[in-house]
Amino acid sequence: MDGVKINLKVNGQDISREVDSRLLLSDFIRESLYLTGTHIGCEHGVCGACTIHVNGDPVRSCLMLAVQADGCEVKTVESLIQENGKLNYLQQAFSDNHALQCGFCTPGFLMTVSGFLEENSKPSEDEIKKCISGNLCRCTGYSNIIKAVKQAAQTVSN
Amino acid sequence: MTKYVGQSVKRREDYRLVTGTGQFVGDIRMANMVEAVFVRSTHAHATIKGIDISEAQALEGVHVILTGMDIDGIIKPLVQFESHCALPPNLEEAINPTIHYCYEDVLAKNKVMYVGQPIAVVVADNRYVAEDAADLIKVEYETLTVVVDPFKSLEKDAPLIQEHLQNNVQSDFHVTTGNAVQSLKDADQILKARIQTPRVSSNPLETRGVVSTYENRTDQFHIYSSTQLPFEIRTYIARSLDLVEQQIRVTAPDVGGGFGPKGGVHPEEILIPYLSKLLKRPVKWIEDRLEHMTSARHSRDQIHDVEVAFNQDGTILGIKDHFIIDSGAVNYFGLTCAYNSAYHLRGAYKIPNYDVTCQIVLTNKTPNVPFRGAGRPEVVFVMDRIIDMVARRLKKDPVEVMRKNMIQAEDMPYDQGILVKDGAKLIYDSGDYPAALDQGLKMIDYEGFREQQKELKKQGKLVGVGISTYVEGTGAGPFESAYVTIDGSGQVVAYLGSSPQGQGHETVFSQICADELMLSPNDITIRVGDTTNLAFGAGTYASRSAVNAGSAIQIASAKLRGKVLAVAAAMLEVESSDLQMENGKVFVKTNPEKCVTYKEIAKAARPGNRCRVPGGMEPGLQVTHYFVPPTVTFSSSVHIAMVEVDKETGLVELKGYSVVHDAGKVINPMIVDGQVQGGIAQGIGAALFEEVVYDEKGQLLTGSYMDYLLPTSMEIPTVEKSHQEFLSTRNPLGIKGVGEGGAISPPAAIANAVVDALDPLEITINQLPISPSKLRNWIKEAERKKFKIEIG
Ligand code: FES
Ligand code: FES
């Protein structure tokens, strides 16, 4: 197997590894970096559970190879928590509004929404629905996720 | 005493899940761990002529490859799950069933019966290498005639799916009360219809997965599985591998949704442990989504042929129904869905003459098992379509026909004249269905809507309203277990046999326990999803956990309270009745200074010379209680859908969805509302989008999320919810189950709403999902018919 050297920053830490060129970024994050908060629901780019940030943009890590992240700045759900161990405003909003049941989809939603709120801190309900429409949740029926995003938006804009 | 029961206490599970530090099976890693990948059948019906593994075996990084022949005589084939299949003798007598056993080799040996059936397993350093190897395995097939249509499967010369049987009818039975045949003769009118619910897939967002380790020293397996039923897996692995249960520990860690099909036992749950012993190292298998679509079990797939006897005033006199369940290649769950269907069909209605026959038919498809609702969404769709068709035939508002036939509050408890699956009489214990209907109609201002609707239709806006009701037997037995203890540090720990897949067990059960032991929920540790701490456990399915595990922990906690007070009384030298407890302390009512803490009580309860436990009681502070419900308890609900239909595109837009439901005593309203909303979302999926489609060769056409459409945030409205609280008479807290309810009614409510929106165009929606292309066809057909009638 051909090893390729990659250098990247993950959750603020510099990482340098040799990887198989065919290794998926999602597997790299989970298996090599032990960051198992990034979940895999479909591996064909539809469910959004594997959403992370690459250079500030939400992307599906199951559709990227690890080698493509060379030189990039990656953020995963593990980066959201505050230094004092408290939930950040978005995580708190999810918990306050019962926006998760099994929680398997949740990291993907959090990463999709956190990017979105940075750009649009006063979204309408329709904008919120659109923003999360690429993430599947099989448990909640979405309404509490929408409520949570509204609460989070309010916190951001205050 | 209920300080926390009834409150929307925030979930204790959330912290780990929102920080990405939960632990699902896929997240488990162990030193020396290797990964397995399955080779699955690409044919729906074929003989296996040979399997060539030579090239695969030569690949670097491959540790072992097993085929069916390698485990022949070592691992027993899967058969039906006895705990879900056994029928009480009085029910057998009443319904006279024929049931044939089916078998499935954990790796197909001689022939394959459905696409996706496991044929071989490869274990390699990691999944990448294992998949490379799997690709190199060559299976030689000789194809057999494929049957995907259950009616073809019933034909005389149909090829046999299970070869030891005489034909493809796996089971059948007959339920009857009154005289339906006579009612068809007596009635003013008769309606005949074929009403069917397609095959769907539960699709939890986490696929299945198993990790197993084997410890040589203790000769024990520790198996992690994304399962709803850890205890059932323990039993079946013991049976399949000739072990005793003591050798097997099963853990269900965080489980990412289940909804039914993660119940039962799958071949992988037996093979991965076997491999871990063979290789003497941990083995992991994580299902991918394609495997999930082909090989994780499907559900529903019923076809009903009904005849309905009714009078001019809308009274329904009788229903005669013959229905078929397409069970795929194996039926693991006996009459679970089938009998659920048979006993739930009449729902909230009084229909004295009722006659149902059912056949469970085998075909070359993935096995069919219970999924949220388990036989109920199918028959609620039948019943509510009947109400709607009768009303339209009589030119009446459907609400009038509903009212005419509904069981009244004063009829409670109401005996439906047949039996529940557990052998008890089908007697509704409590509820007020007409009041629920009125409450629902008020929520949406039904009268007002009907006025508005006329106007809107004139403007070309095709809006409609549709209603569905159901009565659901929830909280099925046989039992659930709770073991509550106070450990040496004074901490209350409760173990339950029922494990969660997102329902919030750690939260709701700590609420119940907290109330009994006068603590806060955060003071209580809840342990679920492990077979080590309890002798028996049942599991999470059939809307049963709150009812059964909830009652078990309540009673166990109450017993423990009695013991804590007895020990404290001995320590403080007073009577138990003089004591009060609060915040982990027990004190004398008249002299609160005089007190002992739980920690001190736990110490005083330790066995030995200084033990202060009163004579006649065992030392220690622990209580086990098995709650055995007398029978199921009946939840009920009214669902109302408002839609707008675009006649040109056939697109159905949900304008609103309202529900009134009775779940008896609610432990945590936030969680109950979440269950209702989530269930309704799945029901909306089934109504409008979801269908597992096979071609005539038995090839799955819906193998990805591009083809199998799950609803997104754009399609699911926020449901308006309103509650009734008629306490169940069948458990101490008065709880009724709620997990499945939401998913039951949406197909019926939405179909009725679409029919209503298109009225006066006469369309009949007796099939699902109501996809744009199908609806377009039904509209065209109705228009053609109408045009024909108009020009004579
Ligand atoms: S796992 Fe990447 S989108 Fe589903
Ligand atoms: S909470 Fe289970 S999939 Fe979203």
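See above for the structure.
What you are looking at is a predicted structure, and each value in this text was computed from that prediction instead of being measured.

Colleague: Please clarify how the sheet that holds strand E15 (residues 316-326) of chain B should be interpreted in this entry.
Modeller: In any sheet, the strands associate via hydrogen bonds between backbone groups, in a parallel or an antiparallel arrangement. All names here are of chain B. Strand order in the open sheet formed by 6 strands is E4-E8-E16-E15-E14-E9, and the pairing between neighbours is mixed. Where the open sheet ends on each side, the last strands, each with one partner, are strand E4 (98-99) and strand E9 (189-200). Relative to strand E14 (residues 299-310), E9 runs antiparallel, the two sharing 11 bridges. The residue bridging arginine 199 from the neighbouring strand is arginine 300, located in E14.

Colleague: Looking at this structure, how should I read the pairing of strand E24 (residues 585-588) of chain B?
Modeller: Remember that side chains alternate between the two faces of the sheet whenever the strand is regular. All names here are of chain B. Note: strand E23 (residues 579-582) against E24, 4 bridges, orientation antiparallel. When the sheet's bridge partners are listed, methionine 581 is paired in E24 with valine 586. Where E23 folds back on E24, the antiparallel hairpin that results is connected by 2 residues, among which asparagine 583 adopts a positive phi of roughly 45°. As judged from the 4 bridges shared by E24 and strand E25 (residues 591-597), these two strands associate in the antiparallel manner. Within E25, the position partnered with phenylalanine 587 by the bridge is cysteine 595.

Colleague: What exactly am I supposed to notice about the interface of chain A and chain B here?
Modeller: Where interface size is quoted, it is often the accessible area lost as the parts come together. Contacts between the two partners involve 49 residues from chain A, matched on the other side by 52 residues from chain B. Of the roughly 4,200 Å² buried between chain A and chain B on both sides combined, carbon and sulfur atoms contribute 56%. When the area that chain A buries against chain B is broken down by residue, the three leading residues are His98, Gln101 and Arg138 of chain A, summing to 19%. The interface formed by chain A and chain B includes 5 salt bridges. The closest approach of N and O atoms between arginine 138 of chain A and glutamate 690 of chain B, which form a salt bridge, is 2.8 Å.

Colleague: I tried to follow the pattern of salt bridges on my own but got confused; where do I start?
Modeller: In a structure, side chains of opposite charge can pair up when their charged atoms sit close to one another. All names here are of chain B. This model, assessed by the stated rule, comprises 51 salt bridges over all chains. One salt bridge in this structure joins lysine 109 and aspartate 72, with 3.0 Å as the shortest N-O distance. Note that lysine 109 is positioned in the loop between E4 and strand E5 (111-112) and aspartate 72 in the loop between strand E3 (62-67) and helix H3 (82-85), a separation of 37 residues in sequence. A salt bridge links lysine 461 to glutamate 644; the shortest N-O distance between them is 3.6 Å.

Colleague: Sorry, what's going on with the sheet that holds strand E5 (residues 73-75) of chain A here?
Modeller: All names here are of chain A. Within the open sheet, the 5 strands sit side by side as E2-E1-E5-E3-E4. Their pairing is mixed. What marks the edges here is a single partner per strand, and that holds for strand E2 (13-20) and strand E4 (57-60). For this sheet the average axis-to-axis angle between neighbouring strands, irrespective of direction, equals 40°. As paired elements, strand E1 (residues 3-10) and E2 share 8 bridges and run antiparallel to each other. Note on E2: the bridge partner recorded for lysine 9 is aspartate 14.

Colleague: When you look at helix H5 (residues 127-136) of chain B in this model, what are you seeing that I'm missing?
Modeller: Of all the residues in H5 of chain B, the buried ones are Arg127, Tyr128, Val129, Ala130, Ala133 and Ala134 of chain B. Capping of H5 of chain B at its N-terminal end is provided by asparagine 126 of chain B; its side-chain oxygen lies 2.9 Å from the backbone amide nitrogen of tyrosine 128 of chain B.

Colleague: How should I be thinking about the side chain of glutamine 302 of chain B in this particular structure?
Modeller: Residue and element names in this part refer to chain B. Here glutamine 302 is to be found in strand E14. Note on glutamine 302: relative accessible area 1%, which makes it buried. At 2.7 Å, the side chain of glutamine 302 and the side chain of histidine 304 are in polar contact. A distance of 2.9 Å separates a polar atom in the side chain of glutamine 302 from a polar atom in the side chain of serine 341. The contacts of glutamine 302, once residues within four sequence positions are left out, are Ile195, Gln196, Thr197, Phe323, Ile324, Ile325, Cys337, Ser341, Gly375, Glu378 and Val379.

Colleague: Help me out: how do you make sense of the side chain of glutamate 506 of chain B in this one?
Modeller: With respect to the helices and strands, the residue glutamate 506 of chain B is situated in helix H16 (residues 505-517). Once residues lying within four places of it in the same chain are set aside, the contact partners of glutamate 506 of chain B are Arg12, Glu13, Arg16, Ile526 and Val528 of chain B.

Colleague: Looking at this structure, how should I read the packing of aromatic side chains?
Modeller: Between two aromatic rings, the relevant description is the distance of the centres plus the angle of the planes. Residue and element names in this part refer to chain B. Within the structure shown, the criterion is met by 16 aromatic pairs over all chains. On the numbers, 5.0 Å between centres and 15° between planes, the contact of phenylalanine 81 with tyrosine 332 is stacked. Of this pair, phenylalanine 81 sits in the loop between E3 and H3 while tyrosine 332 sits in the loop between E15 and helix H11 (336-344), and the two are 251 residues apart along the sequence. The pair phenylalanine 81 / tyrosine 332 is uniform in exposure class, with both members buried. Seen in terms of ring centroids, phenylalanine 536 and tyrosine 626 are 5.8 Å apart; in terms of plane orientation they differ by 70°. Their pairing is edge-to-face. Of this pair, phenylalanine 536 sits in the loop between strand E22 (524-528) and helix H17 (545-572) while tyrosine 626 sits in strand E26 (residues 622-627); the two residues are 90 residues apart in sequence, bridging distant segments of the chain. Residue classification places tyrosine 626 among the partly exposed residues on the basis of a relative accessible area of 32%. Members of the aromatic cluster, connected to one another through ring pairs, are Phe81, Tyr236, Tyr332 and Phe333. The ring of tyrosine 541 carries the charged tip of arginine 544 above its face, separated from the ring centre by 5.0 Å.

Criteria and cut-off values
Residues numbered from 1 in each chain as written. Chains lettered and ligands numbered in written order. Predicted model: local features only at pLDDT ≥ 70, side-chain atom pairs only at ≥ 80, totals over all residues. Heavy atoms only, no water. Pairing = 2+ DSSP bridges. Helix = DSSP H or I, 4+ residues; strand = E, 2+ residues; numbered from the N terminus. Contact = heavy atoms within 4.5 Å. Buried area = accessible area lost by both parts, 1.4 Å probe. Salt bridge = Lys/Arg side-chain N within 4 Å of Asp/Glu carboxyl O. Axes fitted to C-alpha atoms, helices over the stretch in contact; angles between N-to-C directions. Buried < 20%, exposed > 50% of the residue type's maximum accessible area, 1.4 Å probe, protein only. Polar contact = N/O pair within 3.5 Å; in protein donor to acceptor, adjacent residues only side chain to side chain. Phe/Tyr/Trp six-rings, centres within 6.5 Å; stacked < 30°, edge-to-face > 60°. Lys NZ or Arg CZ within 6 Å of the ring centre and 35° of its normal.

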